[in-house]
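# An overview of the molecular structure
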There are 2 protein chains.
Amino acid sequence: MQTNPLLQKLTFLHEIDRLKSVIRQSPLLDRSRKENSAEHSWHLAMYALLLQDYATVPVDANRVIKMLLLHDIVEVDVGDTPLHSSASPEDQYHAEIQAAARLFGLLPEPESSELLALWKEFEEAQTEDAKFAKALDRVQPLLVNVITGGGTWNDNGVSLELVLQRYGPTIQRGSPILWQLCEQLVQKHFGPNQ
Amino acid sequence: MQTNPLLQKLTFLHEIDRLKSVIRQSPLLDRSRKENSAEHSWHLAMYALLLQDYATVPVDANRVIKMLLLHDIVEVDVGDTPLHSSASPEDQYHAEIQAAARLFGLLPEPESSELLALWKEFEEAQTEDAKFAKALDRVQPLLVNVITGGGTWNDNGVSLELVLQRYGPTIQRGSPILWQLCEQLVQKHFGPNQ
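What counts and what doesn't
- Residues numbered from 1 in each chain as written.
- Chains lettered and ligands numbered in written order.
- Predicted model: local features only at pLDDT ≥ 70, side-chain atom pairs only at ≥ 80, totals over all residues.
- Heavy atoms only, no water.
- Least-squares fit on C-alpha atoms with pLDDT ≥ 70 in both.
- Contact = heavy atoms within 4.5 Å.
- Pairing = 2+ DSSP bridges.
- Helix = DSSP H or I, 4+ residues; strand = E, 2+ residues; numbered from the N terminus.
- Buried area = accessible area lost by both parts, 1.4 Å probe.
- Salt bridge = Lys/Arg side-chain N within 4 Å of Asp/Glu carboxyl O.
- Polar contact = N/O pair within 3.5 Å; in protein donor to acceptor, adjacent residues only side chain to side chain.
- Phe/Tyr/Trp six-rings, centres within 6.5 Å; stacked < 30°, edge-to-face > 60°.
- Buried < 20%, exposed > 50% of the residue type's maximum accessible area, 1.4 Å probe, protein only.

Under an unreviewed UniProt entry, the name given to chain A is HD domain-containing protein, and the source organism is Undibacterium flavidum.

### A short note on the relation of the copies chain B and chain A
Expressed as a screw transformation, the operator carrying chain B onto chain A has a rotation angle of 180° and an axial translation of 0.0 Å, and the superposed copies differ by an RMSD of 0.0 Å. Between the two chains, the operation in question is that of a two-fold axis. Here 100% of the interface residues in chain B have copies in chain A that are interface residues too; the copies meet face to matching face.

### A closer look at the pairing of strand β1 (residues 23-27) of chain A
Residue and element names in this part refer to chain A. Relative to strand β2 (residues 34-36), β1 runs antiparallel, the two being bridged by 2 bridges. Bridging across to β2, isoleucine 23 finds its partner in asparagine 36. Turn length for the β1-β2 hairpin, with the two strands adjacent in sequence and antiparallel, is 6 residues, and the turn residue arginine 31 shows positive phi of about 60°.

### Description of the interface of chain B and chain A
In this assembly, 48 residues from chain B lie in contact with 48 residues from chain A. Of all residues in chain B, Lys20(B), Trp42(B) and Leu50(B) give up the largest surface area on contact with chain A, accounting jointly for 19% of the area buried on that side. At the boundary of chain B and chain A, one finds 2 salt bridges. With its nearest N and O atoms 2.8 Å apart, the salt bridge here joins Lys20(A) to Glu35(B). Applying the counting rule to chain B against chain A returns 22 residue pairs in polar contact (both at pLDDT 80 or more).

### Side note on the packing of aromatic side chains
The final tally for this structure, using the stated rule, is 8 aromatic pairs over all chains. Aromatic pair Trp153(A) and Tyr167(A): ring centres 5.8 Å apart, planes at 85°, arrangement edge-to-face. Here Trp153(A) is found in helix α8 (residues 151-156), whereas its partner Tyr167(A) is found in helix α9 (residues 160-174), with 14 residues between them in sequence. Taken as a pair, Trp153(A) and Tyr167(A) share a single burial class, namely buried. Note on Tyr93(B) and Trp119(B): the rings are 6.4 Å apart at their centroids and 10° apart in plane angle, and the pair reads as stacked. Of this pair, Tyr93(B) sits in helix α5 (residues 89-104) while Trp119(B) sits in helix α6 (residues 111-124), placing them 26 residues apart in sequence. Connected via pairs of aromatic rings, a cluster forms that spans Trp153(A), Tyr167(A) and Phe190(A).

Structure representation (C-alpha coordinates):
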(Lines give C-alpha, C1' and ligand atoms only; values in the text may rest on other atoms or scores of the structure.)
Protein backbone atom coordinates (compact mmCIF):
# COMPACT_ATOMS: atom_id res chain seq x y z
CA MET A 1 0.00 0.00 0.00
CA GLN A 2 1.19 3.50 -0.89
CA THR A 3 2.33 5.53 2.14
CA ASN A 4 3.67 8.66 0.44
CA PRO A 5 0.90 11.29 0.93
CA LEU A 6 1.43 12.91 -2.48
CA LEU A 7 1.28 9.56 -4.28
CA GLN A 8 -1.80 8.57 -2.24
CA LYS A 9 -3.54 11.76 -3.36
CA LEU A 10 -2.60 11.15 -6.99
CA THR A 11 -3.93 7.59 -6.75
CA PHE A 12 -7.26 9.00 -5.54
CA LEU A 13 -7.29 11.66 -8.28
CA HIS A 14 -6.68 8.96 -10.89
CA GLU A 15 -9.36 6.67 -9.42
CA ILE A 16 -12.04 9.37 -9.61
CA ASP A 17 -11.37 9.84 -13.33
CA ARG A 18 -13.98 7.08 -13.68
CA LEU A 19 -16.71 9.51 -12.57
CA LYS A 20 -16.49 10.87 -16.15
CA SER A 21 -17.90 7.52 -17.34
CA VAL A 22 -20.86 7.37 -14.91
CA ILE A 23 -23.88 8.31 -17.03
CA ARG A 24 -26.87 10.06 -15.48
CA GLN A 25 -30.44 10.04 -16.75
CA SER A 26 -30.48 13.79 -17.52
CA PRO A 27 -29.58 14.94 -21.03
CA LEU A 28 -27.34 17.86 -21.94
CA LEU A 29 -29.38 20.97 -22.74
CA ASP A 30 -28.79 20.43 -26.49
CA ARG A 31 -30.05 16.82 -26.03
CA SER A 32 -26.97 15.49 -27.86
CA ARG A 33 -26.30 12.87 -25.17
CA LYS A 34 -26.80 12.14 -21.47
CA GLU A 35 -24.82 13.96 -18.82
CA ASN A 36 -22.06 12.27 -16.83
CA SER A 37 -21.56 12.72 -13.09
CA ALA A 38 -18.21 14.54 -13.34
CA GLU A 39 -19.48 17.35 -15.58
CA HIS A 40 -22.70 17.44 -13.51
CA SER A 41 -20.54 18.04 -10.41
CA TRP A 42 -18.72 20.87 -12.18
CA HIS A 43 -22.01 22.45 -13.19
CA LEU A 44 -23.39 22.24 -9.64
CA ALA A 45 -20.26 23.89 -8.27
CA MET A 46 -20.90 26.77 -10.68
CA TYR A 47 -24.53 26.89 -9.49
CA ALA A 48 -23.31 27.20 -5.90
CA LEU A 49 -20.83 29.92 -6.84
CA LEU A 50 -23.54 32.02 -8.48
CA LEU A 51 -26.70 31.22 -6.49
CA GLN A 52 -25.32 31.26 -2.93
CA ASP A 53 -27.30 34.41 -2.04
CA TYR A 54 -30.59 32.54 -2.57
CA ALA A 55 -30.00 30.03 0.24
CA THR A 56 -32.58 29.99 3.05
CA VAL A 57 -29.95 31.30 5.47
CA PRO A 58 -26.40 32.49 4.72
CA VAL A 59 -24.17 29.54 3.77
CA ASP A 60 -20.43 29.06 3.39
CA ALA A 61 -20.24 28.93 -0.40
CA ASN A 62 -16.71 27.50 -0.36
CA ARG A 63 -17.89 24.52 1.70
CA VAL A 64 -20.96 24.07 -0.52
CA ILE A 65 -18.74 24.08 -3.62
CA LYS A 66 -16.43 21.43 -2.15
CA MET A 67 -19.41 19.34 -1.06
CA LEU A 68 -20.85 19.43 -4.57
CA LEU A 69 -17.49 18.64 -6.19
CA LEU A 70 -17.34 15.37 -4.27
CA HIS A 71 -21.02 14.56 -3.63
CA ASP A 72 -21.20 11.96 -6.42
CA ILE A 73 -17.73 10.41 -6.11
CA VAL A 74 -19.15 7.21 -4.59
CA GLU A 75 -20.76 6.57 -8.00
CA VAL A 76 -17.31 5.49 -9.20
CA ASP A 77 -18.11 2.25 -7.33
CA VAL A 78 -21.92 2.10 -7.25
CA GLY A 79 -23.10 4.04 -10.34
CA ASP A 80 -25.80 6.68 -10.49
CA THR A 81 -29.18 6.02 -8.85
CA PRO A 82 -31.79 8.08 -10.70
CA LEU A 83 -34.32 10.09 -8.68
CA HIS A 84 -37.15 8.31 -10.50
CA SER A 85 -35.93 4.78 -9.76
CA SER A 86 -37.38 2.02 -7.61
CA ALA A 87 -34.11 1.25 -5.83
CA SER A 88 -34.34 0.78 -2.07
CA PRO A 89 -32.90 3.91 -0.40
CA GLU A 90 -31.49 1.77 2.44
CA ASP A 91 -29.64 -0.61 0.11
CA GLN A 92 -28.36 2.31 -1.90
CA TYR A 93 -27.09 4.18 1.17
CA HIS A 94 -25.38 1.05 2.49
CA ALA A 95 -23.56 0.55 -0.82
CA GLU A 96 -22.59 4.22 -0.96
CA ILE A 97 -21.20 4.16 2.59
CA GLN A 98 -18.94 1.27 1.59
CA ALA A 99 -17.87 3.08 -1.58
CA ALA A 100 -17.10 6.24 0.39
CA ALA A 101 -14.99 4.27 2.87
CA ARG A 102 -13.00 2.66 0.06
CA LEU A 103 -12.52 5.76 -2.07
CA PHE A 104 -11.77 8.35 0.61
CA GLY A 105 -9.72 5.64 2.30
CA LEU A 106 -7.24 5.93 -0.57
CA LEU A 107 -6.30 9.37 0.80
CA PRO A 108 -3.85 10.15 3.61
CA GLU A 109 -5.01 11.89 6.78
CA PRO A 110 -6.34 14.46 7.43
CA GLU A 111 -7.88 14.63 3.92
CA SER A 112 -9.34 11.12 4.15
CA SER A 113 -11.45 11.94 7.23
CA GLU A 114 -12.23 15.50 6.08
CA LEU A 115 -13.62 14.51 2.70
CA LEU A 116 -15.54 11.55 4.12
CA ALA A 117 -17.11 13.89 6.72
CA LEU A 118 -18.05 16.41 4.03
CA TRP A 119 -19.63 13.66 1.91
CA LYS A 120 -21.60 12.37 4.93
CA GLU A 121 -22.70 15.91 5.78
CA PHE A 122 -24.15 16.23 2.27
CA GLU A 123 -25.90 12.87 2.49
CA GLU A 124 -27.40 13.57 5.92
CA ALA A 125 -28.52 17.07 4.89
CA GLN A 126 -28.79 18.40 8.43
CA THR A 127 -26.55 21.49 8.14
CA GLU A 128 -27.52 24.65 6.27
CA ASP A 129 -24.63 24.17 3.81
CA ALA A 130 -25.78 20.63 3.03
CA LYS A 131 -29.44 21.62 2.73
CA PHE A 132 -28.52 24.25 0.16
CA ALA A 133 -26.23 21.83 -1.71
CA LYS A 134 -29.04 19.23 -1.82
CA ALA A 135 -31.44 21.89 -3.14
CA LEU A 136 -29.07 22.74 -6.02
CA ASP A 137 -28.68 19.04 -6.80
CA ARG A 138 -32.46 19.02 -7.43
CA VAL A 139 -32.69 22.45 -9.13
CA GLN A 140 -30.25 21.66 -11.94
CA PRO A 141 -31.96 18.51 -13.28
CA LEU A 142 -35.39 20.13 -12.84
CA LEU A 143 -34.30 23.03 -15.05
CA VAL A 144 -32.80 20.59 -17.57
CA ASN A 145 -36.14 18.81 -17.79
CA VAL A 146 -38.08 22.05 -18.25
CA ILE A 147 -35.67 23.37 -20.90
CA THR A 148 -35.51 20.10 -22.85
CA GLY A 149 -39.30 19.78 -22.94
CA GLY A 150 -39.66 17.05 -20.33
CA GLY A 151 -36.36 15.12 -20.21
CA THR A 152 -36.41 12.37 -17.58
CA TRP A 153 -40.04 13.15 -16.67
CA ASN A 154 -41.16 12.06 -20.14
CA ASP A 155 -38.88 9.00 -20.04
CA ASN A 156 -40.39 7.86 -16.74
CA GLY A 157 -43.99 9.07 -17.10
CA VAL A 158 -43.60 11.41 -14.14
CA SER A 159 -46.66 13.61 -13.40
CA LEU A 160 -46.85 17.17 -12.11
CA GLU A 161 -47.87 15.80 -8.73
CA LEU A 162 -44.80 13.55 -8.55
CA VAL A 163 -42.49 16.38 -9.63
CA LEU A 164 -43.82 18.65 -6.90
CA GLN A 165 -43.43 15.82 -4.38
CA ARG A 166 -39.95 14.64 -5.40
CA TYR A 167 -38.29 18.03 -5.93
CA GLY A 168 -40.37 20.48 -3.90
CA PRO A 169 -39.50 19.77 -0.26
CA THR A 170 -35.74 19.49 -0.90
CA ILE A 171 -35.53 22.69 -2.94
CA GLN A 172 -37.94 24.61 -0.69
CA ARG A 173 -35.91 23.67 2.40
CA GLY A 174 -32.62 24.91 0.93
CA SER A 175 -33.88 27.86 -1.08
CA PRO A 176 -37.50 29.12 -1.00
CA ILE A 177 -36.70 31.66 -3.74
CA LEU A 178 -35.40 29.00 -6.11
CA TRP A 179 -38.41 26.77 -5.36
CA GLN A 180 -40.81 29.62 -6.08
CA LEU A 181 -39.25 30.01 -9.54
CA CYS A 182 -38.97 26.25 -10.14
CA GLU A 183 -42.60 25.69 -9.18
CA GLN A 184 -43.74 28.36 -11.67
CA LEU A 185 -41.68 26.74 -14.43
CA VAL A 186 -42.96 23.28 -13.60
CA GLN A 187 -46.61 24.41 -13.50
CA LYS A 188 -46.13 26.10 -16.88
CA HIS A 189 -44.41 23.02 -18.30
CA PHE A 190 -47.24 20.67 -17.35
CA GLY A 191 -49.88 23.20 -18.47
CA PRO A 192 -53.21 24.27 -17.00
CA ASN A 193 -55.00 20.95 -17.50
CA GLN A 194 -52.93 18.78 -15.21
CA MET B 1 -32.37 41.82 -22.33
CA GLN B 2 -32.96 40.10 -19.01
CA THR B 3 -32.65 42.42 -15.98
CA ASN B 4 -33.72 40.09 -13.16
CA PRO B 5 -30.43 39.04 -11.49
CA LEU B 6 -31.60 35.49 -10.76
CA LEU B 7 -32.75 34.94 -14.35
CA GLN B 8 -29.49 36.46 -15.65
CA LYS B 9 -27.53 33.96 -13.56
CA LEU B 10 -29.64 31.06 -14.80
CA THR B 11 -29.12 32.22 -18.40
CA PHE B 12 -25.35 32.10 -17.81
CA LEU B 13 -25.58 28.68 -16.12
CA HIS B 14 -27.54 27.36 -19.10
CA GLU B 15 -25.12 28.88 -21.61
CA ILE B 16 -22.10 27.19 -20.02
CA ASP B 17 -23.75 23.78 -20.38
CA ARG B 18 -22.05 23.83 -23.79
CA LEU B 19 -18.65 23.42 -22.12
CA LYS B 20 -19.64 19.73 -21.77
CA SER B 21 -19.44 19.49 -25.58
CA VAL B 22 -15.99 21.09 -25.96
CA ILE B 23 -13.64 18.18 -26.61
CA ARG B 24 -10.01 18.34 -25.51
CA GLN B 25 -7.09 16.39 -26.96
CA SER B 26 -6.47 14.40 -23.76
CA PRO B 27 -8.12 10.99 -23.37
CA LEU B 28 -9.82 9.66 -20.25
CA LEU B 29 -7.50 7.41 -18.26
CA ASP B 30 -9.30 4.31 -19.56
CA ARG B 31 -8.80 5.68 -23.12
CA SER B 32 -12.51 5.14 -23.89
CA ARG B 33 -12.89 8.64 -25.34
CA LYS B 34 -11.44 12.16 -25.20
CA GLU B 35 -12.07 14.40 -22.20
CA ASN B 36 -14.39 17.40 -22.36
CA SER B 37 -13.60 20.78 -20.81
CA ALA B 38 -16.39 20.65 -18.19
CA GLU B 39 -15.27 17.38 -16.62
CA HIS B 40 -11.63 18.53 -16.96
CA SER B 41 -12.55 21.63 -14.92
CA TRP B 42 -14.17 19.44 -12.25
CA HIS B 43 -11.07 17.26 -12.09
CA LEU B 44 -8.75 20.25 -11.75
CA ALA B 45 -10.87 21.65 -8.91
CA MET B 46 -10.38 18.32 -7.12
CA TYR B 47 -6.63 18.56 -7.82
CA ALA B 48 -6.59 22.00 -6.19
CA LEU B 49 -8.57 20.76 -3.20
CA LEU B 50 -6.10 17.95 -2.56
CA LEU B 51 -2.75 19.35 -3.72
CA GLN B 52 -2.93 22.88 -2.31
CA ASP B 53 -0.13 22.19 0.20
CA TYR B 54 2.33 21.61 -2.66
CA ALA B 55 2.11 25.17 -4.01
CA THR B 56 5.35 27.18 -4.09
CA VAL B 57 3.95 29.52 -1.44
CA PRO B 58 0.69 29.22 0.54
CA VAL B 59 -2.30 29.84 -1.73
CA ASP B 60 -6.00 30.50 -1.12
CA ALA B 61 -7.36 27.12 -2.19
CA ASN B 62 -10.94 28.42 -2.42
CA ARG B 63 -9.87 31.05 -4.95
CA VAL B 64 -7.82 28.51 -6.90
CA ILE B 65 -10.82 26.16 -7.03
CA LYS B 66 -13.09 28.93 -8.34
CA MET B 67 -10.46 29.97 -10.89
CA LEU B 68 -10.18 26.42 -12.19
CA LEU B 69 -13.96 25.95 -12.32
CA LEU B 70 -14.22 28.86 -14.74
CA HIS B 71 -10.80 28.91 -16.43
CA ASP B 72 -12.06 27.19 -19.61
CA ILE B 73 -15.52 28.78 -19.88
CA VAL B 74 -14.44 30.95 -22.84
CA GLU B 75 -14.14 27.71 -24.82
CA VAL B 76 -17.94 27.74 -25.09
CA ASP B 77 -17.34 30.36 -27.77
CA VAL B 78 -13.82 29.65 -29.06
CA GLY B 79 -13.24 25.92 -28.47
CA ASP B 80 -10.20 24.27 -26.94
CA THR B 81 -6.72 25.26 -28.12
CA PRO B 82 -4.42 22.28 -27.55
CA LEU B 83 -1.01 22.87 -25.96
CA HIS B 84 0.64 21.19 -28.93
CA SER B 85 -1.03 23.35 -31.58
CA SER B 86 0.37 25.93 -33.97
CA ALA B 87 -2.30 28.55 -33.21
CA SER B 88 -1.03 32.10 -32.70
CA PRO B 89 -1.16 32.88 -28.95
CA GLU B 90 -2.07 36.51 -29.74
CA ASP B 91 -5.03 35.60 -31.96
CA GLN B 92 -6.18 33.05 -29.41
CA TYR B 93 -6.00 35.49 -26.51
CA HIS B 94 -7.87 38.15 -28.48
CA ALA B 95 -10.69 35.69 -29.27
CA GLU B 96 -10.80 34.53 -25.66
CA ILE B 97 -11.02 38.10 -24.34
CA GLN B 98 -14.06 38.67 -26.55
CA ALA B 99 -15.62 35.40 -25.42
CA ALA B 100 -15.03 36.28 -21.76
CA ALA B 101 -16.66 39.69 -22.25
CA ARG B 102 -19.72 38.12 -23.86
CA LEU B 103 -20.13 35.21 -21.46
CA PHE B 104 -19.42 36.93 -18.14
CA GLY B 105 -21.42 39.87 -19.54
CA LEU B 106 -24.53 37.69 -19.27
CA LEU B 107 -24.22 37.97 -15.48
CA PRO B 108 -25.45 40.82 -13.27
CA GLU B 109 -23.03 42.86 -11.19
CA PRO B 110 -21.02 42.28 -9.07
CA GLU B 111 -20.64 38.69 -10.34
CA SER B 112 -19.98 39.77 -13.93
CA SER B 113 -16.91 41.82 -12.99
CA GLU B 114 -15.76 39.40 -10.29
CA LEU B 115 -15.72 36.34 -12.52
CA LEU B 116 -14.16 38.23 -15.42
CA ALA B 117 -11.40 39.45 -13.08
CA LEU B 118 -10.81 35.93 -11.79
CA TRP B 119 -10.59 34.58 -15.35
CA LYS B 120 -8.13 37.35 -16.32
CA GLU B 121 -6.06 36.67 -13.21
CA PHE B 122 -5.73 33.03 -14.28
CA GLU B 123 -4.77 34.00 -17.83
CA GLU B 124 -2.19 36.56 -16.73
CA ALA B 125 -0.68 34.19 -14.15
CA GLN B 126 0.93 36.89 -12.06
CA THR B 127 -0.54 36.07 -8.64
CA GLU B 128 0.48 33.06 -6.57
CA ASP B 129 -3.06 31.62 -6.78
CA ALA B 130 -3.02 31.86 -10.57
CA LYS B 131 0.51 30.43 -10.86
CA PHE B 132 -0.56 27.39 -8.86
CA ALA B 133 -3.79 27.02 -10.87
CA LYS B 134 -1.79 27.18 -14.13
CA ALA B 135 0.60 24.54 -12.80
CA LEU B 136 -2.28 22.16 -12.06
CA ASP B 137 -3.69 22.79 -15.54
CA ARG B 138 -0.40 21.38 -16.88
CA VAL B 139 0.06 18.61 -14.28
CA GLN B 140 -3.23 16.85 -15.00
CA PRO B 141 -2.76 16.32 -18.78
CA LEU B 142 0.91 15.41 -18.21
CA LEU B 143 -0.14 12.65 -15.82
CA VAL B 144 -2.84 11.52 -18.27
CA ASN B 145 -0.21 11.19 -20.98
CA VAL B 146 2.16 9.23 -18.74
CA ILE B 147 -0.60 6.88 -17.51
CA THR B 148 -2.04 6.26 -20.97
CA GLY B 149 1.37 5.45 -22.43
CA GLY B 150 1.88 8.69 -24.34
CA GLY B 151 -1.55 10.19 -25.07
CA THR B 152 -1.32 13.51 -26.89
CA TRP B 153 2.49 13.28 -27.05
CA ASN B 154 2.24 10.23 -29.30
CA ASP B 155 -0.53 11.86 -31.38
CA ASN B 156 1.62 14.93 -32.00
CA GLY B 157 5.12 13.40 -32.10
CA VAL B 158 6.18 15.40 -29.04
CA SER B 159 9.71 14.64 -27.78
CA LEU B 160 11.08 14.57 -24.23
CA GLU B 161 12.77 17.89 -24.88
CA LEU B 162 9.48 19.50 -25.95
CA VAL B 163 7.62 18.07 -22.95
CA LEU B 164 10.21 19.49 -20.56
CA GLN B 165 9.98 22.84 -22.35
CA ARG B 166 6.19 23.07 -22.64
CA TYR B 167 5.23 21.79 -19.18
CA GLY B 168 8.33 22.35 -17.03
CA PRO B 169 8.49 26.11 -16.44
CA THR B 170 4.74 26.46 -15.72
CA ILE B 171 4.63 23.54 -13.27
CA GLN B 172 7.97 24.41 -11.65
CA ARG B 173 6.85 28.01 -11.07
CA GLY B 174 3.62 26.96 -9.31
CA SER B 175 4.83 23.84 -7.54
CA PRO B 176 8.46 22.68 -7.48
CA ILE B 177 7.46 19.49 -5.64
CA LEU B 178 4.94 18.53 -8.32
CA TRP B 179 7.46 19.30 -11.07
CA GLN B 180 10.09 17.15 -9.39
CA LEU B 181 7.67 14.19 -9.48
CA CYS B 182 6.40 14.99 -12.99
CA GLU B 183 9.93 15.26 -14.37
CA GLN B 184 10.82 11.84 -12.95
CA LEU B 185 7.71 10.32 -14.52
CA VAL B 186 8.39 11.97 -17.87
CA GLN B 187 12.05 10.86 -17.91
CA LYS B 188 10.94 7.32 -17.12
CA HIS B 189 8.23 7.45 -19.80
CA PHE B 190 10.63 8.50 -22.55
CA GLY B 191 13.28 6.05 -21.35
CA PRO B 192 17.06 6.25 -21.04
CA ASN B 193 17.79 6.53 -24.75
CA GLN B 194 16.12 9.86 -25.49
